[in-house]
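Here's the letter readout for the chains.
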Amino acid sequence: MTDELLRVEGVVKRFGGVHAVDGASFDVTAGSITALIGPNGAGKTTLFNVVTGFARADGGEVVYDGRRVSGRPAHAIARCGMVRTFQITKALAAMPVIDNMTLAAPRQPGEHLTGVIARPLAARKREREVRERARELLSRYGLEGKADDYAGTLSGGQRKLLELARALMAEPRMVLLDEPMAGVNPTLGARLLEHVHVLREREGTTFLLIEHDMEVVMGHSDRVVCMAQGRVIADGEPEAVRSDPRVIDAYLGGTA
Amino acid sequence: MSPVFAVSLDALTSADFWIGVGVLAGTYTIFTLGLQLNVGFTGIINFGQAGFMAIGAYAMGILVIRAEWSLWAALPVATLIAMAAGVLIGLPSLRLRADYFAIVTIAFAEIVRYVAQNARGLTGGNQGLLGFDDQWLDVSDTILGWLPESLQDQFLLPLLIVVWIAVAILTGLLMLLQRSPWGRVLRAIREDEDAARALGKNVLAYKLQSIALAAALGAIAGYFLALNLSFLSPESFEPQFTFIGFTILILGGLASYVGVALGSLIIWTLLEATRFIDLPLAAEKVAALRFVIVGIALIVLVAFRPQGIVGRREEMVLRD
């Protein structure tokens with residue numbers, strides 16, 4: 001593999017006797033849009049949790065950008081440039097939209113007590129930069145009118161957009177989206193996908209997304225990884241994966 | 001027919017009464033500022049604030065009396081000891097869910113109180129600790145000397161002045177911190193820890209800072225309590241004081257530092273004034289009745305104005 005950004009190798013995650021992820025291996029090419037598919041209970045979200053440090057793997061390893069990240073805490077992995085969103089959006093409801101955005105920006109000295117006291121000017125300068133960038137992103141995502149509203153007042157679709165925009169504030173090289181289209185109306189959904197493509201083209205951002213909508217998967221991803229019962233059963237071009245008999249079996253309820 | 005009860009208003013018009021209420025209200029404002037930082041702004045339920053208050057006050061008393069330190073040297077060191085206790089309690093237990101953490105902290109505060117009761121060599125046990133405030137009394141006399149003659153018999157007036165200056169400074173500092181990016185991270189943690197984590201924030205480190213600062217505020221409140229009573233005994237640190245703090249917090253309003261001072265003034269005025277209600281009841285029943293009244297007031301408040309006097313309603317109802 002020449003320019004892989006993420007490598008998942010033999011990852012195992014057990015909950016009691018249940019092997020939620022059972023030796024899954026695949027990799028994600030830098031600058032690609034890779035879709036992770038599979039029937040309910042295949043272990044996709046659990047795998048996301050392991051990759052991003054929200055769950056500890058019982059075996060195998062995760063390598064991001066040439067560094068082993070498995071076993072490291074979630075916040076440290078996020079700081080490496082791998083940022084995730086959640087299946088159920090985690091908009092910080094009782095905070096204004098703009099604060100949701102500015103929160104995510106890295107390198108803010110004012111986020112540390114020592115910085116608040118010793119470097120107030122640097123903090124204020126960074127805050128101005130961050131605000132400007134946040135306003136810019138919000139207007140790109142059609143949320144500029146909502147900047148000062150509490151995030152809890154946004155619709156489900158707007159929250160998904162906010163979550164994506166917020167993830168981008170963290171200046172990621174790779175974004176993991178857990179069911180970005182779930183509960184989003186088609187218009188907003190189309191816009192969200194458009195943004196994903198633009199980001200990949202303009203900034204070379206890599207995307208790994210869990211998605212159930214096959215049309216979205218086939219039409220928008222470069223590569224598809226299909227999981228069933230904790231393992232990767234197919235991995236390749238969208239068309240090839242779609243016609244793979246093991247994939248069809250898995251979706252029809254047979255055991256692969 | 002004799003009246004069922006009578007309120008003697010004489011007490012409420014005396015300066016003594018209001019100075020006493022003022023000192024208590026100021027002390028518990030500082031105490032509750034720590035709770036506000038934890039509960040209102042970080043989402044940590046700290047039921048152990050009376051324990052941090054006890055650690056601060058006893059560390060100060062022990063350093064002055066047993067180790068013969070100067071009071072002024074003992075104060076910052078005792079504050080650091082309380083902060084270290086906060087980190088020590090937080091480190092293993094802040095990873096727990098909020099409700100379990102609350103249980104750990106209340107147990108911690110009770111352990112502190114029992115140690116104070118039984119480590120007689122250090123704390124004097126139930127006999128208490130006396131004589132740590134000589135240096136304060138000198139300062140207090142100096143302040144009294146600056147005041148007009150007519151006020152000079154008000155022995156507690158200097159403490160009242162100093163405690164409210166401390167309230168003003170600490171409230172101001174906390175509000176500044178809250179408006180900083182640091183405060184924004186705390187609020188994000190209160191809303192959703194996982195979201196904060198996914199954006200690269202070290203949640204445990206922030207929670208530890210929050211609890212250490214609350215412990216420092218508890219310790220400072222402990223010094224004022226000690227100077228007010230001139231005496232340290234375990235019964236000043238019973239868990240009920242943490243719950244009075246929570247009452248103040250809810251009355252003033254969650255997520256508002258200004259509300260804390262307001263809530264504290266109201267609660268202590270109520271608690272102290274109700275001492276003077278004359279009821280055909282035994283004294284301990286009247287004492288219990290005071291808490292019944294406060295409890296009813298709290299229920300009514302939560303039912304009709306959950307955000308308290310100055311809290312923000314949005315921050316109460318917009319939780320996912």
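Scoring rules and cut-offs
Residues numbered from 1 in each chain as written. Chains lettered and ligands numbered in written order. Predicted model: local features only at pLDDT ≥ 70, side-chain atom pairs only at ≥ 80, totals over all residues. Helix = DSSP H or I, 4+ residues; strand = E, 2+ residues; numbered from the N terminus. Rg over C-alpha atoms; globule rule 2.2 N^0.38 Å. Buried ≥ 20, exposed ≤ 12 C-beta atoms within 10 Å, placed from the backbone. Contact = placed C-beta atoms within 7 Å. Axes fitted to C-alpha atoms, helices over the stretch in contact; angles between N-to-C directions. Left-handed = near helix turned anticlockwise from the far one by under 90°. Nonpolar A, V, L, I, M, F, W, Y, C, P; charged D, E, K, R; others polar. Pairing = 2+ DSSP bridges. Parallel < 35°, antiparallel > 145°, perpendicular 65-115°, else oblique. pLDDT = per-residue confidence, 0-100. Domains from an automatic or database assignment.

Things to note about the overall build of chain A
Helix and strand counts for chain A come out as 10 helices and 10 strands. Over its C-alpha trace chain A gives a radius of gyration of 19 Å, about what one expects of a compact globule, namely 18 Å for 256 residues. Judged by the C-alpha coordinates and their principal axes, chain A covers about 60 × 40 × 35 Å. Buried residues in chain A amount to 46% of all 256 residues. A sequence separation of at least 24 residues applies to 66% of the contacts in chain A between residues at least 6 apart.

Remarks on the packing of helix α5 (residues 120-140) of chain A against helix α6 (residues 156-169) of chain A
Residue and element names in this part refer to chain A. Running from N to C, α5 and α6 point in directions that differ by 145°, and their axes come no closer than 10 Å. The way α5 lies across α6 gives a crossing that is right-handed. Each of R133, A134, L137 and L138 in α5 lies in contact with α6, whose residues at this interface are A165, L168 and M169. The residue makeup of the contact of α5 with α6, split by class, is six nonpolar, no polar and one charged.

With respect to helix α1 (residues 44-51) of chain A
Residue and element names in this part refer to chain A. Counted residue by residue, α1 has eight buried out of eight residues, so it is predominantly covered. Of the residues making up α1, those classed as buried are K44, T45, T46, L47, F48, N49, V50 and V51. Downstream of α1 by one or two residues, G53 has phi in the positive range, about 85°.

A closer look at the sheet that holds strand β8 (residues 206-210) of chain A
Residue and element names in this part refer to chain A. Pairing is mixed across the open sheet formed by six strands, whose spatial order is β6-β7-β8-β3-β9-β10. The sheet is open, and its two borders are formed by β6 (82-84) and β10 (231-236), each paired with just one other strand. Between one strand axis and the next, the sheet turns by 20° as a mean value, whatever way the strands run. Sheet topology places strand β7 (residues 174-178) next to β8; five bridges connect them, and they run parallel. Of the residues in β8, the one forming a bridge with D178 is I210. Each of β3 (33-37), β6, β7, β8 and β9 (223-228) is contacted by α1, which is oriented at about 150° to β7, the strand it contacts most.

Side note on the packing of helix α9 (residues 181-191) of chain B against helix α11 (residues 203-229) of chain B
Residue and element names in this part refer to chain B. Across the interface, α9 lies against α11 with an axial gap of 10 Å and an inter-helix angle of 110°. Comparing their axes, α11 and α9 come out roughly perpendicular. Residue-level contacts link V185, L186 and I189 of α9 to V203, Y206, K207 and S210 of α11. When grouped by side-chain class, the residues that make up the contact of α9 with α11 number five nonpolar, one polar and one charged.

A look at the confidence of the model for chain B
With 95% of its residues at a pLDDT of at least 70, chain B reaches an overall mean of 91. On the interface metric, ipTM, the complex scores 0.93, and its pTM is 0.93.

Notes on the domain arrangement of chain A
Segmenting chain A into domains produces domain 1 (4-91 + 172-252) and domain 2 (93-153). A C-alpha centroid distance of 28 Å is found between domain 1 of chain A and domain 2 of chain A.

Things to note about the pairing of β3 of chain A
All names here are of chain A. Of all five residues in β3, five are buried, a share of seventy percent or more. Burial along β3 is two-sided: the residues I33, A35 and I37 and T34 and L36 are all buried. Bridge count for β3 against β8 is four bridges, and the pairing is parallel. Bridge assignment links T34 to a residue of β8, and that residue is L208. As paired elements, β3 and β9 share four bridges and run parallel to each other. In the strand pairing of β9, L36 is matched with V225.

Let's talk about unusual backbone geometry
Residue and element names in this part refer to chain A. For E179, which is not glycine, the phi torsion reads 50° and is therefore positive. Within the secondary structure layout, E179 lies in the loop between β7 and α7 (186-203). The class of E179 is buried, set by 20 C-beta atoms lying within 10 Å.

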